[in-house]
2 protein chains.
Amino acid sequence: MIDFQTSPDRYRHWKLSFDGAVATLAMDVDPAGGLMGGYELKLNSYDLSVDIELADAVQRLRFEHPEVRTVVLRSAKENVFCAGANIRMLAGASHGHKVNFCKFTNETRLAIEDASENSGQRYLAAISGSAAGGGYELAVTADYVMLIDDRRSGVSLPELPLLAVLPGTGGLTRLTDKRKVRRDLADVFCTTEEGVRGKRAVQWRLVDEVVPPSSWEAKVAERARDLAAKSDRDGQRGVALTPLQRQFSDDGVTYPHVQVAIDRAGRQANVTIQGPAELPADLRGIHDAGSSFWPLAMARELDDALLHLRLNEPAVGLIVFRTSGDPAQVLAADSLLEQYQSDWLVREIRLLLKRVMKRVDMTARSLIALIEPSSCFAGTLAELVFAADRSVMFAGTGAGDNRGPATLHLSALNFSAYPMGNGLSRLANRFYGEPDSLIASAERIGDTLSAEDAEALGLVTFAYDETDWDDEVRLILEERASFSPDALTGLEANLRFAGPETMETRIFGRLTAWQNWIFLRPNAVGEAGSLKRYGSGVRPDFNPERV
Amino acid sequence: MIDFQTSPDRYRHWKLSFDGAVATLAMDVDPAGGLMGGYELKLNSYDLSVDIELADAVQRLRFEHPEVRTVVLRSAKENVFCAGANIRMLAGASHGHKVNFCKFTNETRLAIEDASENSGQRYLAAISGSAAGGGYELAVTADYVMLIDDRRSGVSLPELPLLAVLPGTGGLTRLTDKRKVRRDLADVFCTTEEGVRGKRAVQWRLVDEVVPPSSWEAKVAERARDLAAKSDRDGQRGVALTPLQRQFSDDGVTYPHVQVAIDRAGRQANVTIQGPAELPADLRGIHDAGSSFWPLAMARELDDALLHLRLNEPAVGLIVFRTSGDPAQVLAADSLLEQYQSDWLVREIRLLLKRVMKRVDMTARSLIALIEPSSCFAGTLAELVFAADRSVMFAGTGAGDNRGPATLHLSALNFSAYPMGNGLSRLANRFYGEPDSLIASAERIGDTLSAEDAEALGLVTFAYDETDWDDEVRLILEERASFSPDALTGLEANLRFAGPETMETRIFGRLTAWQNWIFLRPNAVGEAGSLKRYGSGVRPDFNPERV
């Protein structure tokens, strides 16, 4: 089982150190610390174990270190910054693992950019030694990329000439869209195994600055200070991300606010989220509650549950979302998040919720939300209704059921706080062709919406009353489980994202989709393909056909 | 060999008829008329042979029928509009054929939309009978989609439940981006084999109007007239698209203005375009010249050559573009295209050149432009320099060479006439991060640019003088031929398109890339997969893992 929970005292691959407003996150991969056997993580190459620690560090820097305004990404090893994803790991991994590994590493890199853009925690990449492949892709997540000019250090994306795969951790997209490297120069760069160094790396926009060795450390410190000076980050005391309380069983995992119950015969995971019981009264109370504040606790648990399902439960094709609790309490939590949004911690919690909801969007499983009596799909939790491929709501009251009818509730957060990767709120994405419907929904913020209301507003797919509910829901779930998992993945990856694309969605859409295709082609993964033959001294044997 | 040239007198699958401003393009597929053996094209299902005729009809309607302002797409068969791509054809086709078939069909559908948007030739889909899969995808290329309300006719995208593949001819993207169908309703639609009919089809935005059988023909005629009335199309006399003069040999094909010489050992096609010899003096002369007017003749020949290379020469990994002629003459042709741009025929020629250049962008072969002495990469032909993955220019003059140095020339057309699929001119795409470079180039319109000028302006990748030219060019071509064809396809599909995406690029990026992935998965193409088992009565056996 792959566990996504860790903490700095358990890191094997990273060293985190602090100096006032500047933190240093130094990569120092333990060659023997790989997740699976059969490969050594030489030269700061990485597998998922290294990235799980990176994701944890990036998250903790945001919550536990409000004083940190610049994070310097560097290597603790001589002569190498980072050699990228470990090739023997890739060669040995299943297709599913490769795809999920790439997805998680992409999400982590986007989380770095999210910290830079939205948390006032800017990243600086200080490249000394070789930054190759995923190593360079990691570096360009930073706001500012420095390269030492020592005739040995350089940057490269050698995936294509060396491995016959793409720089798939955002590399190609960040070259064109973020670094704005001219396309023909990007072509030369990506087909040149040895890469580029020195002044040409600046001329081609691959790095922002080259610095002679004599002034390297001083310049890195200066640039780190400069970036810190521009930050709006102002927190005093961090919030510890305490270990998640989890109980794994054969058929699921239980957290305080999230329960995952797996129905293996139905190939479905029933994920139930508990609404908040108690909430703090004010900002002071939020800070005192820290990681037990419901929105933060729930977000961390849901995130962990999603990653668990992705990596450890590949045969689960459906995720069925339910909620349980008092909608008024969820709306009260949303009010706190809205009222205190300028506070650094509240900002971090909103941003984490945004990222977790994006993780939902990017989860390649069919998502069904069931809105039943006693549920609390309100505000932030209603995002799951809009993230779902289909949402079905119970209409009316069941015979002898004294719980009252199912309700749905919108809060202001549904319209602004949680943009999808394409930059649209889930409601704006849903109503891409119907601006009037978006306005009509906004006018109902805070109202108690019945199934009839929700259906009329277009907020749910279908409403069924007691007579039809059981049969209709069963049919939807059974039918979904009967379809081709691959075709559903492709369908959902298209329908979930309407209209505009961003660098982020282009990474997951254009770049990743092509990489996944290449990851199935014999030229890469066949017995005579590049990944299998890498390091053997025998050249791969390519089928020359272009398709 | 697959031939893309045809004409109405040879159509086996379509009937074209005319009534003033309204043309009717009726699908009447000959079941025995398939391109390859082993399948019957029942129920107006199609293979590439059907689409080659459709593309030809769409093209001829634009050039040969300036009087036509509305094209009614309908079926000549009872009870079926179109059943989509033939499944047995797909099941039997190679991966490469499937990919190229889908690409061409997508290009043809985009050409229909181009006619609607830019030529004043609007399309109306009149669906009587079932429009399933690719049949519905074809219908939604129209501006206006009508459905007869006869309790039998309906629209559906049954690819996923029936075949475990995607509606890959733009279907998913047009649902979200063009028809603006709500994503959860799109999900229901795409997973419901029997589809949707009647009023629900309108409510879900799947069609624009349902019409009872009693008023069907009258209403179709009325809507066709309404669309025609809005058109700005004003030509009087069409221009016949005369048969292309081609000579095929074992190692290429020769047209009057385009020569394709295949170097099989080097896996490269050397494509040389001849600049214009004589040009008409004025608009009257352009119309008199008709399909022999150089820009039109050259565009048609290059288009045919590209399609030939794509489908019939899969082992050719590189296309090397050269030109030969007088750059002043190319600029003179551009001046005619610019001066008379408001004329309907000149507009059509510009739009055709735009589409052909897009075909270049979408061709999954490495593109190298070599700018040598005696070449005429000027204006319209310079687009090939900017479409290429790399462009290399000869600097200075060779010893004993009295041809003078190589030159490059820009015209106004490079900045506006030929947008790529992403909506940017090739130069704006190239200088996506450098607006100043775009301005600097615009200031040199009409100038004779030397290799040094072109390199300094960023218009070519490298300039080499006589000393280095042969070796450097050889190295580029040999190196390119040594790389994995699949990885190059993925690399180029990413680097060629910077920044913004449009519905068009989302079809080729997001949708097509996922479809190509699915086309490799055993759940679709394996012995127990959906395509192989279709029609056998045995359900496909899916690997349940989601990746």
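Bear in mind that the values here come from a model prediction, so they are computed numbers and not experimental data. (Residues numbered from 1 in each chain as written. Chains lettered and ligands numbered in written order. Predicted model: local features only at pLDDT ≥ 70, side-chain atom pairs only at ≥ 80, totals over all residues. Heavy atoms only, no water.)

Another point: the overall build of chain A. A tally of regular secondary structure across chain A gives 23 helices and 19 strands. Computed over the C-alpha atoms, the radius of gyration of chain A is 24 Å, within 12% of the 24 Å expected from 2.2 N^0.38 for a compact globule of 547 residues. Seen along its three principal axes, the alpha-carbon backbone of chain A occupies a region of about 80 × 55 × 45 Å. Looking at chain A as a whole, 66% of its 547 residues are labelled buried. Residue pairs in contact within chain A that sit at least 24 positions apart in sequence constitute 74% of those at least 6 positions apart. Counting only carbon and sulfur atoms, one obtains 47% of the accessible surface of chain A, whose full area is about 18,500 Å². (Helix = DSSP H or I, 4+ residues; strand = E, 2+ residues; numbered from the N terminus. Rg over C-alpha atoms; globule rule 2.2 N^0.38 Å. Buried < 20%, exposed > 50% of the residue type's maximum accessible area, 1.4 Å probe, protein only. Contact = heavy atoms within 4.5 Å. Areas by Shrake-Rupley, 256 points an atom, 1.4 Å probe, with all protein chains shown as cover.)

Now for the environment of Glu479(B). Position of Glu479(B) among the secondary structure elements: in helix α19 (residues 466-482). Those residues in contact with Glu479(B) that sit more than four places away from it in its chain are Thr191(A) and Arg390(B).

The subject of this paragraph is the interface of chain A and chain B. Each partner contributes to the interface: chain A provides 92 residues, whereas chain B provides 92 residues. Buried surface at the junction of chain A and chain B, both sides included, amounts to about 8,500 Å², of which 58% is carbon and sulfur. Counting the surface chain A buries against chain B, the share from its top three residues, Arg183(A), Arg510(A) and Arg546(A), is 13%. Remark: the boundary between chain A and chain B carries 18 salt bridges. (Buried area = accessible area lost by both parts, 1.4 Å probe. Salt bridge = Lys/Arg side-chain N within 4 Å of Asp/Glu carboxyl O.)

Time to look at the packing of aromatic side chains. Following the criterion strictly, the structure yields 12 aromatic pairs over all chains and no others. Ring geometry for Tyr136(A) and Phe189(A): centres 5.4 Å apart, planes at 80°, overall edge-to-face. Linking Tyr136(A) in helix α4 (residues 134-139) with Phe189(A) in helix α7 (residues 183-190), this pair joins segments that are 53 residues apart in sequence. Judged by its relative accessible area of 0%, Phe189(A) is buried. Between Trp514(B) and Trp517(B), the aromatic rings sit 5.4 Å apart at their centres with planes inclined by 90°, giving edge-to-face as the arrangement. (Phe/Tyr/Trp six-rings, centres within 6.5 Å; stacked < 30°, edge-to-face > 60°.)

Burial analysis of helix α6 (residues 171-178) of chain B places 7 of its 8 residues in the buried class, which makes it a mostly covered element. Along α6(B), the residues that are buried comprise Gly171(B), Leu172(B), Thr173(B), Arg174(B), Leu175(B), Thr176(B) and Asp177(B). Close packing links the buried residues of α6(B) with α20 (485-495) of chain A together with α3 (95-118), α4 (134-139), α7 (183-190) and α21 (503-518) of chain B. The positive-phi residue at the C-terminal boundary of α6(B) is Lys180(B), with phi of around 55°.

Residues and elements named next belong to chain B. Turning to its location among the elements, Arg 310 is positioned in helix α11 (residues 294-312). A residue is classified by how much of its surface remains accessible, and Arg 310, at 3% relative accessible area, is buried. If we skip the residues at most four places from it in the chain, Arg 310 touches Asn 100, Lys 103, Glu 107, Arg 359, Met 362, Thr 363 and Arg 365.

In this section: unusual backbone geometry. Even without a glycine there, the phi angle at Arg151(A) is positive, about 65°. Along the chain, the position of Arg151(A) falls in the loop between β9 (144-148) and β10 (154-156). What makes Arg151(A) exposed here is its relative accessible area of 71%. Phi angles above zero are rare outside glycine, and Asn44(B) is one such case at about 55°. In this fold, Asn44(B) is placed in the loop between β2 (22-27) and β3 (45-46). According to the relative accessible area criterion, Asn44(B) is buried, its value standing at 0%.

Attention shifts here to the domain arrangement of chain A. Residue and element names in this part refer to chain A. Per the domain assignment, the segments making up chain A are domain 1 (8-229) and domain 2 (247-495). Taking the mean C-alpha position of each, domain 1 and domain 2 sit 34 Å from one another. With 15 residues of domain 1 in contact, the opposing surface of domain 2 contributes 16 residues. Of all residues in domain 1, Phe 63, Lys 103 and Glu 107 give up the largest surface area on contact with domain 2, accounting jointly for 36% of the area buried on that side. Linking domain 1 to domain 2 there are 5 salt bridges. Where Glu 348 meets Arg 62, a salt bridge forms, and the shortest distance between an N and an O atom there is 2.9 Å. Scanning the region where domain 1 abuts domain 2 turns up 10 residue pairs in polar contact (both at pLDDT 80 or more). Elements that contribute at least two residues to the side of domain 1 that touches domain 2 include exactly α1 (48-64) and α3 (95-118). (Domains from an automatic or database assignment. Polar contact = N/O pair within 3.5 Å; in protein donor to acceptor, adjacent residues only side chain to side chain.)

Before going further, it helps to examine the sheet that holds strand β18 (residues 390-395) of chain B. All names here are of chain B. Strands sit in the order β12-β13-β14-β15-β16-β17-β18-β19 across an open sheet of 8 strands; the sheet is mixed. The sheet terminates laterally at β12 (247-249) and β19 (462-465), the two strands that pair on one side only. Strand-to-strand twist in this sheet, taken as the mean axis angle between neighbours without regard to direction, amounts to 20°. Where strand β15 (residues 268-274) and strand β16 (residues 318-324) come together, 7 bridges link them in parallel fashion. Within β16, the residue paired with Gln 274 across the bridge is Ser 324. (Pairing = 2+ DSSP bridges. Axes fitted to C-alpha atoms, helices over the stretch in contact; angles between N-to-C directions.)

All names here are of chain A. The sheet built from 8 strands is open, its strands ordered β12-β13-β14-β15-β16-β17-β18-β19 with mixed pairing. Edge strands, defined here as strands with exactly one partner in the open sheet, are β12 (247-249) and β19 (462-465). Going from strand to strand, the sheet's axes swing by 20° on average, the running direction of each strand aside. Across 4 bridges, strand β18 (residues 390-395) lies against β19 in parallel orientation. Pairing of Ala 395 across the sheet is with Asp 465, part of β19.

A few words on the environment of Ala269(A). Residues and elements named next belong to chain A. One can find Ala 269 in strand β15 (residues 268-274). Between the C-alpha atoms of Ala 269 and Val 473, which are 204 residues apart in sequence, the distance is 15 Å. Residue contacts for Ala 269: discarding those within four places in its chain leaves Val 260, Ala 261, Ile 262, Leu 309, Val 316, Leu 318, Ile 319 and Val 320.

All names here are of chain B. Considering all chains together, one arrives at 106 salt bridges over all chains under this definition. Of the charged contacts, one joins Asp 114 and Lys 354 as a salt bridge, the two residues approaching to 2.5 Å between their closest N and O atoms. Note that Asp 114 is positioned in helix α3 and Lys 354 in helix α13 (residues 344-361), a separation of 240 residues in sequence. With relative accessibility at 6%, the residue Asp 114 sits in the buried group.

A few words on the relation of the copies chain A and chain B. Between chain A and chain B, which share one sequence, the superposing operator has a rotation angle of 180° and an axial displacement of 0.0 Å; the RMSD is 0.0 Å. Taken together, the rotation and translation describe the operation of a two-fold axis. Scanning chain A for the C-alpha nearest the rotation axis identifies Trp517(A), at a separation of 2.3 Å. A shared interface surface links the copies, since 100% of the contact residues of chain A are contact residues in chain B too. (Least-squares fit on C-alpha atoms with pLDDT ≥ 70 in both.)

A word on the nonpolar core. Counting 332 residues, the largest nonpolar core has Leu408(A) and Leu408(B) as its most contacted members. Leu408(A) has contacts with Ile371(A), Phe377(A), Ala382(A), Val385(A), Met393(A), Asp447(A), Thr448(A), Leu449(A), Ala454(A), Leu459(A) and Val460(A), leaving out every residue within four places of it along the chain. (Core = buried A, V, L, I, M, F, W, Y, C linked by side-chain atoms within 4.5 Å.)

Moving on, we come to the side chain of Arg267(B). All names here are of chain B. Inspection of the secondary structure assignment puts Arg 267 in the loop between β14 (258-263) and β15. In this structure Arg 267 is buried but unpaired, with Asp 486 as the nearest side chain of opposite charge at 9.0 Å. At 2.7 Å, the side chain of Arg 267 and the backbone oxygen of Ala 481 are in polar contact. (Lys, Arg positive; Asp, Glu negative; His and termini not counted.)

With that out of the way, let us pick up the pairing of strand β17 (residues 366-371) of chain A. The buried fraction of β17(A) is high, at 6 of 6 residues. Alternating positions in β17(A) separate into two faces, Ser366(A), Ile368(A) and Leu370(A) on one and Leu367(A), Ala369(A) and Ile371(A) on the other, with burial throughout.

We now examine a negative patch on the surface. Residue and element names in this part refer to chain A. A cluster of acidic residues, Glu 452, Glu 455, Asp 465, Glu 466, Asp 468 and Asp 470, forms a negative patch at the surface. For the negative patch, the secondary structure elements donating two or more residues are α18 (451-457) and α19 (466-482). Considering every element that reaches the negative patch, the biggest residue donor is α19, with 3 residues. Tracing the backbone through its elements, the reader meets Glu 466 in helix α19. (Patch = residues over 30% accessible without salt bridge, like charges linked within 9 Å, V, L, I, M, F, W, Y side chains within 5 Å. Charge placed at Lys NZ, Arg CZ, Asp CG, Glu CD.)

What follows covers the packing of helix α6 (residues 171-178) of chain A against helix α21 (residues 503-518) of chain A. Residues and elements named next belong to chain A. In contact at an axis separation of 9 Å, α6 and α21 are set at 140° when each is read in the N-to-C sense. With respect to α21, the axis of α6 lies oblique. The two elements α6 and α21 cross, and the hand of that crossing is right-handed. Residues Gly 171, Leu 172, Thr 173, Arg 174, Thr 176, Asp 177 and Lys 178 of α6 lie in contact with α21, whose contacting residues are Met 503, Arg 506, Ile 507 and Leu 511. Here the contact of α6 with α21 is composed, by residue class, of 4 nonpolar, 3 polar and 4 charged. (Parallel < 35°, antiparallel > 145°, perpendicular 65-115°, else oblique. Left-handed = near helix turned anticlockwise from the far one by under 90°. Nonpolar A, V, L, I, M, F, W, Y, C, P; charged D, E, K, R; others polar.)

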